[in-house]
Amino acid sequence: MRRKPELRGRAARLARLLPAGAGTAARTPFVLLVVLLLGGGLIGLLVLNSALSAGSFQLDDLQKDTKTLTDEEQALQRDVDAYAAPDALQLRARELGMVPGGDPAFLGPDGSVKGVPGAAARQSAAHRPVVRPPEALAPGPSPTAVPTVPPAPTPEPTPSVAAATEQPSTPSAQLPTIPGR
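Residues numbered from 1 in each chain as written. Predicted model: local features only at pLDDT ≥ 70, side-chain atom pairs only at ≥ 80, totals over all residues. Heavy atoms only, no water.

Let's shift gears to the overall build of the protein. Assigned secondary structure in the protein consists of six helices and two strands. Listed N to C, the secondary structure of the protein is α-α-α-β-β-α-α-α in terms of helices and strands. Across the 181 residues of the protein, 3% fall into the buried class. A separation of at least 24 residues holds for 36% of the contacts in the protein among residues at least 6 apart in sequence. (Helix = DSSP H or I, 4+ residues; strand = E, 2+ residues; numbered from the N terminus. Buried < 20%, exposed > 50% of the residue type's maximum accessible area, 1.4 Å probe, protein only. Contact = heavy atoms within 4.5 Å.)

Written as structure tokens, this is what we have:
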């Protein structure tokens, strides 16, 4: 066997600082460290995989809820569009006893009247709607039934064309004042 050369001087002093026989390291702590790192990594991956799958299930549930709510919104929008259609509005207005308005008249900025106002068409008493109190509109039988009587026809004033053109020229006399303003 070959022998190590003897060190002198400064190298000898430094060699004394190192422990003798330090050529072999203990393998048990290193093996334990590697096993613990691998086991911790595997457990970490298992936890991460479980969290991702739980998030996937939540996402799936939320997508189903979104689809259901979108379908409901579209159904409600169809109902609104059906009620807002001109023919449906006209039918509902007639049920409420409304009639088409007459010819309009407009007031100019200087107080002049433009156009000839016309009266709205009157409904005959046979075509007047039956006005029911709110209690009668509630669902279910009401213990005290209120008989509905159609209202008596009230005469509507017909605007006079001469009265509309003979108004004074001051705007304060033409427009009514609102109390408290």
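We now examine the packing of helix H2 (residues 27-84) against helix H3 (residues 86-95). Packed helices, taken two at a time, are described by their axes: the angle between them and the distance between them. Closest axis-to-axis distance for the H2/H3 pair is 5 Å, and the angle between their directions is 65°. Here H2 contributes Ala 82, Tyr 83 and Ala 84 to the contact with H3, which in turn contributes Pro 86, Ala 88 and Leu 89. Here the contact of H2 with H3 is composed, by residue class, of six nonpolar, no polar and no charged. (Axes fitted to C-alpha atoms, helices over the stretch in contact; angles between N-to-C directions. Nonpolar A, V, L, I, M, F, W, Y, C, P; charged D, E, K, R; others polar.)

Another aspect to go through is the pattern of salt bridges. The final tally for this structure, using the stated rule, is three salt bridges. For Asp 71, the salt bridge goes to Lys 67, with nearest N and O atoms at 3.4 Å. Here Lys 67 and Asp 71 lie together in helix H2, a separation of four residues that amounts to about one turn. The partner of Glu 95 in a salt bridge is Arg 92, with the nearest N and O atoms 3.4 Å apart. Here Glu 95 and its partner Arg 92 are both found in helix H3, three residues apart, which amounts to about one turn of the helix. (Salt bridge = Lys/Arg side-chain N within 4 Å of Asp/Glu carboxyl O.)

Next up on the list: the confidence of the model for the protein. Mean pLDDT over the protein stands at 76; residues scoring 70 or higher make up 62%. The element-level mean pLDDT for the protein is lowest in helix H5 (residues 161-165), coming to 45, with H2 highest at 95. The model gives residues 158-174 a pLDDT under 50, and that stretch makes 11 contacts with residues more than four places away or in other chains. (pLDDT = per-residue confidence, 0-100.)

Now for a nonpolar patch on the surface. A grouping of Phe 30, Val 31, Val 34, Val 35 and Leu 38 is seen on the molecular surface, where their side chains present a nonpolar patch of about 480 Å² in accessible area. In this structure, Phe 30 sits in helix H2. (Patch = residues over 30% accessible without salt bridge, like charges linked within 9 Å, V, L, I, M, F, W, Y side chains within 5 Å. Areas by Shrake-Rupley, 256 points an atom, 1.4 Å probe, with all protein chains shown as cover.)

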